[in-house]
There are 2 protein chains.
Amino acid sequence: MRKFASRAFPTAKQIYIPKEGTCPLGFIAGGAHSGVKKEFNDVAVVLSPKHECTAAAVFTKNKFCAAPVQVSKRILKESKGNGYYGVIVNSGCANACTGDAGLADAQVMAKHLTNKPVVVMSTGVIGQRLQLDKIKKGLDAAVANAGSDLAHWQSAAEGIMTTDTFPKLISREFKTKTGSYRMTGWSKGAGMIHPNMATMLSATFTDAKISSDLLSSTVKFAADRSFNAISIDGDTSTNDTYVVLANGASNTEIKANTLEYEEFKKNLTEFSIDLAKLIVRDGEGATKFIHIKVKGAKSFEEAKQVASTIATSPLVKTAIYGKDANWGRIVCAVGYSGVDITPEKVNLHFSSLTKPELSLHLFKNGSPFEINEDVAAKILDTPDILIEIGLGLGEEEASMFTCDFSHEYVSINADYRS
Amino acid sequence: MRKFASRAFPTAKQIYIPKEGTCPLGFIAGGAHSGVKKEFNDVAVVLSPKHECTAAAVFTKNKFCAAPVQVSKRILKESKGNGYYGVIVNSGCANACTGDAGLADAQVMAKHLTNKPVVVMSTGVIGQRLQLDKIKKGLDAAVANAGSDLAHWQSAAEGIMTTDTFPKLISREFKTKTGSYRMTGWSKGAGMIHPNMATMLSATFTDAKISSDLLSSTVKFAADRSFNAISIDGDTSTNDTYVVLANGASNTEIKANTLEYEEFKKNLTEFSIDLAKLIVRDGEGATKFIHIKVKGAKSFEEAKQVASTIATSPLVKTAIYGKDANWGRIVCAVGYSGVDITPEKVNLHFSSLTKPELSLHLFKNGSPFEINEDVAAKILDTPDILIEIGLGLGEEEASMFTCDFSHEYVSINADYRS
């Protein structure tokens, strides 16, 4: 029974909101409305009251790094990723560009529920002070509301939303030879999503047992292939944080150099990619999901540079919005990516991810090839698009996930503060 | 009498279209409708029948460099910038990504009027072959229409338009101690405008006399401060070309290491900046002109990198469109520009170029400062905006000129080919 169900989400997004799932043992999650935002949940907590967690995180590289990021970084450094109590979040105010006063506010927020290490996150408008009184009361209410059902987790996921149109939540269970562990995670972020990283908050919680050092390298690997591979508009924010907490409540231990670890790494990476994709699914004003895959590069970095250039081209993104298979703009973006490509070796395939049988080899070895406007129109009528570039220079590849650029994107962002 | 007047231009843009002016001696200009585009002029010529010209040019750095660019580059290399007859242009078809056949087409186009060196330019849809028969007839008609009045030059400027809403033409006369020279230039480009360089075509013609070597270094200097300092959407195209032709018909000679040369360099740079600004004035769907000035940088390059990051941020550009003085997004862009800035030293001024008395010091030494929504609203009600960033790290500065991101931008680019 979700007594805290507070809002409706778009029908088209309902398929992305899980209706059932098993959550990791030992965690409780909750959201509440503190009053910083006019309505709806605007604070969230996920806590592990009985089992201290190991923690690992990646943070924004923006030089204007917000107060909560500075505080969370310092706590992570001092604790070496051990002894964590949980994650606490507020939305509506980013506590960024708020100077020393903002830093003190973030510290108060971090200490409000516990003296143990926590990750503190904020998202919302930049340059305004936190309304600490409201947030403290809100956090208390979130704790009072907290529980271990999926509905409690959803309430927390709702508490971190800003321009998001639906809560982003995934829950999965994994078997090992001797036992099992679970992961539940949420993410948020609609505008300003771009690698390294962007008003993107995400956290994954698992009841596996894993050392903070091993968790740390795993989270970095996963982030490069997930949250650092998505782009809505190329802007990167002051507050981005992706954190993973492991409380060991399942007694399933993941040790380095084992088959279990390789499985865990793969599972966490796929889990992170799926959380990241949910953000793209909710790109501000997005009508299409676009997977850009660049193959045949000399290195992962060069492949990613080409993919990123296409993913951030407003001309490519408006063309897809207009259902125009404008391969010229894609090829043009490949040409100015800064990577030393050979035009005569470039190939471009355009297909539907929704209906993979719809595919065109639009550009072959540097020249237009299978130009078929009818098939192109059919591909672009489906919601999920795959753009595949072959560079013909090597064996490496990289992917970016992005969305189209719509009238709605302009409306949302021209009018964010009002 | 403009017998070839063929179309109406927006009332708001009329102030940018010159009604009178003195054009350089010895050149004739003309436009015509070849039929590649449904209506309006789509070819243009500017020729110097009696005086061979020196020429210098900068071209796109896109790896998919279009056939006309390849041909023009080769001609410039072989001629060493001497003996030029003029510039010929078609619009509606970019002759890009057209392989060897497209290269042959561009060569035919280049040879159609003369065996002397010419600059050949194309702009329009990528990946389609030139309709050479139509273009040849169109060029003949443009020559037949050509003349030396400003109206003839405007007809030529109309022939290079694609999504441009008005012809971009400037004409000026400069006095020297012993004589005078004139410059007339046109430019085109609306979407895809970004440094290095972008479906941007421009040409300036002068009756000064200057060696091709000296002209070459001057054009590079001017381009870095003009066409390489504007951005509409960050995309750079396959066809960009900026060329300057000097026919010496005025007998006013510009020699290296003279006061006259310094004046000429300054004049050509300002002239080029003004031609480049006209392109921004016509940014697809633009409602605001934005000058971004970054000061206090360690180098020109770092200043430009910060300015360029702000100029290409969709969040900044939609905020300005929404008349929102969202300093947070500007500061955020400074933070992720990749330049090693010190947050506590960053200052931001926001003012109107239209009414310079309207100004706010929004951000002072790393914190929000003069936040006054009333004044901000007044600034954003004016069409020309200045965003000034102080980095506090050095003495260098750079400017970028850009425009806002509107619903109209999305409409134009979602629907370009239909």
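Sequence order sets the numbering: in each chain, residues are counted from 1 along the sequence as written. Chain letters start at A and ligand numbers start at 1, both assigned in the order the entries are written. Per-residue local features are limited, in this predicted model, to residues with pLDDT of at least 70; the limit for side-chain atom pairs, both in listing and counting, is 80 or more; totals at the level of whole chains, interfaces and linings are taken over all residues. Hydrogen atoms and water are omitted, and side-chain values are computed over all heavy atoms in the structure.

- The name that an unreviewed UniProt entry assigns to chain A is Arginine biosynthesis bifunctional protein ArgJ, mitochondrial, with the source organism given as Boothiomyces macroporosus.
- UniProt positions are given in the numbering used here, feature names are shortened, and annotations may be inferred rather than shown by experiment. Of the comments in the UniProt record for chain A, the one headed Subunit (unreviewed entry) reads "Heterodimer of an alpha and a beta chain."
- We quote the UniProt Function (unreviewed entry) comment for chain A here in full: "Catalyzes two activities which are involved in the cyclic version of arginine biosynthesis: the synthesis of acetylglutamate from glutamate and acetyl-CoA, and of ornithine by transacetylation between acetylornithine and glutamate."

## A look at the side chain of Ser337(B)
Then step 1. For helices the rule is a DSSP run of H or I covering at least 4 residues; for strands it is a run of E covering at least 2, with both sets numbered from the N terminus onward. Mapped onto the fold, Ser337(B) is located in the loop between α9 (327-335) and β12 (347-352).
Then step 2. Contact criterion: two residues are considered in contact whenever any of their non-hydrogen atoms come within 4.5 Å of each other. Those residues in contact with Ser337(B) that lie beyond four places of it in its chain are Gln305(B), Val306(B) and Thr309(B).

## Points about the relation of the copies chain B and chain A
For these two chain copies, the linking operation is a rotation about an axis paired with a shift along it.
Then step 1. Laying chain B over chain A is done by rotating through 180 degrees and shifting 0.0 Å along the axis; what remains is an RMSD of 0.0 Å. In short, the pair behaves as if placed about a two-fold rotation axis. No C-alpha of chain B lies nearer the rotation axis than that of His407(B), which sits 2.6 Å from it.
Then step 2. A shared interface surface links the copies, since 98% of the contact residues of chain B are contact residues in chain A too. Copy-to-copy superposition: least squares on the C-alpha atoms, limited to residues that have pLDDT of at least 70 in both copies.

## Observations concerning the interface of chain B and chain A
Then step 1. Facing the 53 residues of chain B at the interface are 52 residues of chain A.
Then step 2. Of the roughly 4,200 Å² buried at the junction of chain B and chain A (both faces included), carbon and sulfur atoms supply 62%.
Then step 3. We define a salt bridge as a contact between a side-chain nitrogen of Lys or Arg and a carboxyl oxygen of Asp or Glu at a distance within 4 Å. The interface formed by chain B and chain A holds two salt bridges in total.
Then step 4. The salt bridge involving Asp340(A) is made with Lys63(B); its shortest N-O contact spans 2.9 Å.
Then step 5. Nitrogen and oxygen atoms within 3.5 Å of one another constitute a polar contact, given that in protein one can donate a hydrogen and the other can accept it, and given that sequence-neighbouring residues count only through two side-chain atoms. Counting across the chain B and chain A interface gives seven residue pairs in polar contact (both at pLDDT 80 or more). By definition, the buried area sums, over both parts, the 1.4 Å-probe accessible area that each loses when the two are put together.

## Thoughts on the pairing of strand β2 (residues 43-47) of chain A
All names here are of chain A.
Then step 1. With five of its five residues buried, β2 lies for the most part within the structure.
Then step 2. Both strand β1 (residues 28-32) and β2 contribute to a ladder of five bridges, which runs antiparallel. Paired with Gly30 across the two strands is Val45, which belongs to β2.
Then step 3. If DSSP finds at least two bridges between two strands, the strands pair. As judged from the five bridges shared by β2 and strand β4 (residues 86-93), these two strands associate in the antiparallel manner. Within the sheet, the bridge partner assigned to Val46 lies in β4 and is Val87. Relative accessibility thresholds used throughout: buried, under 20% of the residue-type maximum; exposed, over 50%; partly exposed, between the two (1.4 Å probe, protein chains only).

## Looking at the sheet that holds strand β8 (residues 201-206) of chain A
Residue and element names in this part refer to chain A.
Then step 1. On the basis of which strands lie adjacent, the open sheet formed by five strands has the order β3-β10-β8-β7-β6 and mixed pairing. Bordering the open sheet on either side are β3 (54-59) and β6 (168-175), each of which pairs with just one other strand. Within the sheet, the average angular offset between the axes of one strand and its neighbour, ignoring direction, is 10 degrees.
Then step 2. Strand direction decides the pairing type here: β6 and strand β7 (residues 180-188), joined by eight bridges, are antiparallel. Opposite Leu169, over in β7, you have Trp186 as the bridge partner. For helices, the fitted line uses only the C-alpha atoms of the stretch in contact; every axis is such a line through C-alpha atoms, and the angle between N-to-C directions lies from 0 to 180 degrees.

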